[in-house]
Amino acid sequence: MIRIYVDSLLLVFGSTFVLDFLTLWAIRQIGAGGSGQSGSSVRSGQSVRSGQLGQARLVGRGRLAAAAAFSAGAFTIAAMLADAGLMTLSSPGSLFAGAVIGAASLLIAFPAMSGRTLANALFCRYLLTIMAGGAGMAASIATSGNTAASFIAASGTVLLISEAGWGVVHRGIRDGLFFVPISISFDGEAVSVWALIDTGCRLRDPVSGNPVIIVEYAAIESLIPPEIREPVRKSEEDFTAAAYAIAGSRWSARFRAIPYSSIGQDGGLMVGFRPNEIRVVDGRRRIATSRAVVCIHSSRLCHDGRYCALMNPDILTAA
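Given the structure is predicted, the values throughout are model-derived calculations rather than measurements.

Draft legend 1. Quick look at the overall build of the chain. Of regular secondary structure, the chain possesses 10 helices and 10 strands. As presented, the chain carries roughly 16,000 Å² of accessible surface, and 59% of it is formed by carbon and sulfur atoms.

Draft legend 2. Examining the confidence of the model for the chain more closely. Averaged over all residues, the pLDDT of the chain is 77; the fraction at 70 or higher stands at 77%. Counted against residues more than four places away or in other chains, residues 32-58, with its pLDDT under 50, gives 73 contacts.

Draft legend 3. Layout of the packing of helix 3 (residues 61-83) against helix 4 (residues 92-109). In the contact formed by helix 3 and helix 4, the axes pass within 8 Å of each other and the chain directions differ by 165°. Considered as vectors, helix 3 and helix 4 are oriented roughly antiparallel to each other. Of the two possible hands of crossing, helix 3 and helix 4 adopt the one that is right-handed. On helix 4, the residues touching R63, L64, A66, A67, F70, S71 and A74 of helix 3 are I101, A104, S105, I108 and A109.

Draft legend 4. Highlighting a nonpolar patch on the surface. Residues I77, L81 and L86 make up a contiguous nonpolar surface patch of about 280 Å² in total accessible area. Its location among the elements puts L81 in helix 3.

Draft legend 5. Geometry of the nonpolar core. Ranked by internal contacts, the top residues of the largest apolar core, which has 33 residues, are I182, I184, I213, I220, F273, V294 and M311. Leaving out residues up to four positions away in the same chain, I182 has contacts with V191, S192, V193, A195, I213, R279, V280, A309 and M311. Core analysis: the second largest hydrophobic core is formed by 21 residues, I27, F110, M113 and C124 among them.

Draft legend 6. Main features of the pairing of strand 9 (residues 293-297). Across the 5 residues of strand 9, 5 count as buried, placing the element largely inside the fold. Here strand 9 shows a buried face lined by V293, C295 and H297 and a second buried face lined by V294 and I296. Summarising the sheet, strand 4 (residues 212-216) and strand 9 pair through 5 bridges and their orientation is parallel. If you follow E216 over to strand 9, its bridge partner there is H297.

Draft legend 7. Representation of unusual backbone geometry in the model. Its identity is not glycine, yet D187 carries a phi of approximately 50°, on the positive side. Within the secondary structure layout, D187 lies in the loop between strand 2 (179-186) and strand 3 (189-197).

Draft legend 8. Quick peek at the environment of A79. Summarising the element assignment, A79 is placed in helix 3. The exposure class assigned to A79 is buried, which follows from its relative accessible area of 15%. Sequence separation between A79 and V12 is 67 residues, and the spatial gap between their C-alpha atoms is 8.5 Å.

Draft legend 9. Focus on the packing of aromatic side chains. On inspection of all chains with the given rule, the structure shows 5 aromatic pairs. Taken together through their ring pairs, the aromatic side chains of F13, F17 and F21 make up a single cluster.

Draft legend 10. Structural detail: the pattern of salt bridges. According to the stated counting rule, one finds 8 salt bridges in the structure shown. Note that R254 and D187 form a salt bridge whose closest N and O atoms lie 2.6 Å from each other. Of this pair, R254 sits in the loop between helix 9 (239-247) and strand 5 (255-262) while D187 is found in the loop between strand 2 and strand 3, placing the two residues 67 residues apart along the sequence. R254 gets classed as buried once you look at its relative accessible area, which sits at 9%. Take D187: its relative accessible area is 43%, and that puts it in the partly exposed class. The residue K234 makes a salt bridge to E230 at a minimum N-O spacing of 3.3 Å. Through salt bridges with shared partners, one network takes in D187, R250 and R254.

Cut-offs used in this document
Residues numbered from 1 in each chain as written. Predicted model: local features only at pLDDT ≥ 70, side-chain atom pairs only at ≥ 80, totals over all residues. Heavy atoms only, no water. Helix = DSSP H or I, 4+ residues; strand = E, 2+ residues; numbered from the N terminus. Areas by Shrake-Rupley, 256 points an atom, 1.4 Å probe, with all protein chains shown as cover. pLDDT = per-residue confidence, 0-100. Contact = heavy atoms within 4.5 Å. Axes fitted to C-alpha atoms, helices over the stretch in contact; angles between N-to-C directions. Parallel < 35°, antiparallel > 145°, perpendicular 65-115°, else oblique. Left-handed = near helix turned anticlockwise from the far one by under 90°. Patch = residues over 30% accessible without salt bridge, like charges linked within 9 Å, V, L, I, M, F, W, Y side chains within 5 Å. Salt bridge = Lys/Arg side-chain N within 4 Å of Asp/Glu carboxyl O. Core = buried A, V, L, I, M, F, W, Y, C linked by side-chain atoms within 4.5 Å. Buried < 20%, exposed > 50% of the residue type's maximum accessible area, 1.4 Å probe, protein only. Pairing = 2+ DSSP bridges. Phe/Tyr/Trp six-rings, centres within 6.5 Å; stacked < 30°, edge-to-face > 60°.

Structure below.
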């Protein structure tokens, strides 16, 4: 005979619902706060806005509650079946089903997610869950099995990580997912560099509206005509001299003046050129477009050299 204790099931559902709601809220916080940030201080003089990921994740609490109720209900049913001996929670099938339910609840909360963003969010959520579980277990051991202390420690861990300690974790995930190799072509020649897809960089050509990619001068020097290399290298110091030099070169038709603002400078101009083509490898996709502008930056963009270009993510949709 199988006995079902409703009060125990309600306790399981309630505690799971709260933790699931907190992890979903944390994912929303990460998307809204982290994705709109960047390692760059350069912003468009015409259009500064948050990252698309952050905008897509700014959903209401009702949707978060619905998603948490779905996943908490599924876990409660699984716990009931496990108590009845009808399934094992640690079996491969159960773990796979848990991953599917976790992904489904994320899609309920954030229906605009792409496949890549869903995988990223699912990883973040499980990472938060593991950390919360570890904190809860430690609190339980320290308090001789006090359930309330364990629950408070688990919940507090999610809140603490999402509000205060997420920077390092998010930066590591971003570094793994948002570096892409790109190839920039001019007049039959090309250079290949690593670029950071920078959701904080929204620079656009004010004439054509094409998105901008900022590249270190040293990485692209070989493609620039010798007669304008020095003026281009010093263009941030003397933009007028660079513009005059470019006007008399074979690249004059490619020249673009891109307005920008950065820390310590408001209303600056950056030298830009229209390339023949930019090729981007984004996961399994290979994207090629000529609807972009390459801007030259004289200083290093990354202190440890992991990338030498900052790419407006709109380039991925410009093809």
